[in-house]
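Each chain, letter by letter, is given below.
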Amino acid sequence: SVLMTYDHIEITFSDMEPMPEAFKGTKKGSVFLTPYRVIFVSKGKDAMQSFVMPFYLLKDCEIKQPVFGANYIKGTVKAEAGGM
């Protein structure tokens, strides 16, 4: 079941070596929050159509509230063994 939905979301990937082409740049789309994971779905014709983040793979999450900018969440997502 979907608990919350947010539109007009931007997601950016960093600290990946090597950086696959599908993860480069800022992606825009929607986020769906479920009891077990966060699902990002890209808007438009992007190489990365969706990205799933199970809660048990999220580490070091921080909520940032800059004075002159939008609030955002920063953290690390570990790749699941054998995941695609």
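Along each chain, numbering runs from 1 in the same order as the chain's sequence is written. Owing to the predicted nature of the model, reporting of local features is limited to residues with pLDDT of at least 70; listing and counting of side-chain atom pairs is limited to 80 or more, with chain, interface and lining totals taken over all residues. The basis for every side-chain value is the complete set of heavy atoms in the structure, and neither hydrogens nor water enter the calculation.

- The protein has the name WBP2 protein in an unreviewed UniProt entry, where Burhinus bistriatus is given as its organism.

1. Digging into the nonpolar core
- In terms of nonpolar packing, the biggest core is built from nine residues, these being Ile11, Phe13, Phe23, Val31, Val38, Phe40, Met48, Phe51 and Met53.
- Under the scheme used here, helices are H or I runs from DSSP no shorter than 4 residues and strands are E runs no shorter than 2 residues, and both carry numbers assigned from the N terminus. Of all the secondary structure elements, the ones that give two or more residues to this core are strand E3 (37–42) and strand E4 (50–54).
- For this analysis, residues touch if any pair of their heavy atoms sits within 4.5 Å. Residue contacts for valine 38: discarding those within four places in its chain leaves Val31, Phe32, Leu33, Phe51, Val52, Met53 and Phe55. For this analysis, a nonpolar core means a set of buried residues of the types Ala, Val, Leu, Ile, Met, Phe, Trp, Tyr and Cys, connected via side-chain atoms within 4.5 Å. Three exposure classes are used, based on accessible area relative to the maximum for each residue type with a 1.4 Å probe and protein chains only: buried under 20%, partly exposed in between, and exposed over 50%.

2. Overview of the packing of aromatic side chains
- We call Phe, Tyr and Trp rings a pair once their centres come within 6.5 Å, taking the six-membered ring for Trp, and we label the pair stacked below 30 degrees between planes, edge-to-face above 60, and tilted otherwise. Applying the stated criterion across every chain, the model contains three aromatic pairs.
- Considering the side-chain rings of phenylalanine 13 and phenylalanine 23, the 4.8 Å spacing of their centres and the 85 degrees angle between planes classify their relative orientation as edge-to-face. With phenylalanine 13 in the loop between strand E1 (4–12) and strand E2 (26–33) and phenylalanine 23 in the loop between E1 and E2, this pair connects stretches of sequence that are ten residues apart. Summarising the burial analysis for this pair, phenylalanine 13 and phenylalanine 23 share the class buried.
- Taking the centre distance of 4.9 Å and the plane angle of 70 degrees together, the rings of phenylalanine 13 and phenylalanine 51 count as edge-to-face. Within this pair, whereas phenylalanine 13 is found in the loop between E1 and E2, its partner phenylalanine 51 is found in strand E4, the two being separated by 38 residues in sequence. Grouping residues by exposure puts phenylalanine 13 and phenylalanine 51 together as buried.
- Among the aromatic residues, ring-to-ring pairing joins Phe13, Phe23 and Phe51 into one connected group.

3. Some points on the environment of phenylalanine 32
- Relative to the elements of secondary structure, phenylalanine 32 occurs in strand E2.
- Considering only alpha carbons, one finds phenylalanine 32 and tyrosine 6, 26 residues apart in sequence, at a separation of 6.6 Å.

4. Some thoughts on the pattern of salt bridges
- One side-chain nitrogen of Lys or Arg within 4 Å of one carboxyl oxygen of Asp or Glu is enough to make a salt bridge. One pass over the structure, following the stated rule, counts four salt bridges.
- Between lysine 28 and glutamate 10 there is a salt bridge; the shortest N-O distance is 3.9 Å. Taken together, the residues span a long stretch of sequence, with lysine 28 in strand E2 and glutamate 10 in strand E1 at a distance of 18 residues.
- With relative accessibility at 51%, the residue lysine 28 sits in the exposed group.
- Look at glutamate 10 and you get exposed, because its relative accessible area is 55%.
- Put simply, glutamate 21 and lysine 24 hold a salt bridge, and the shortest N to O gap is 3.5 Å.
- In this structure glutamate 21 comes out as exposed when scored by relative accessible area, which is 60%.

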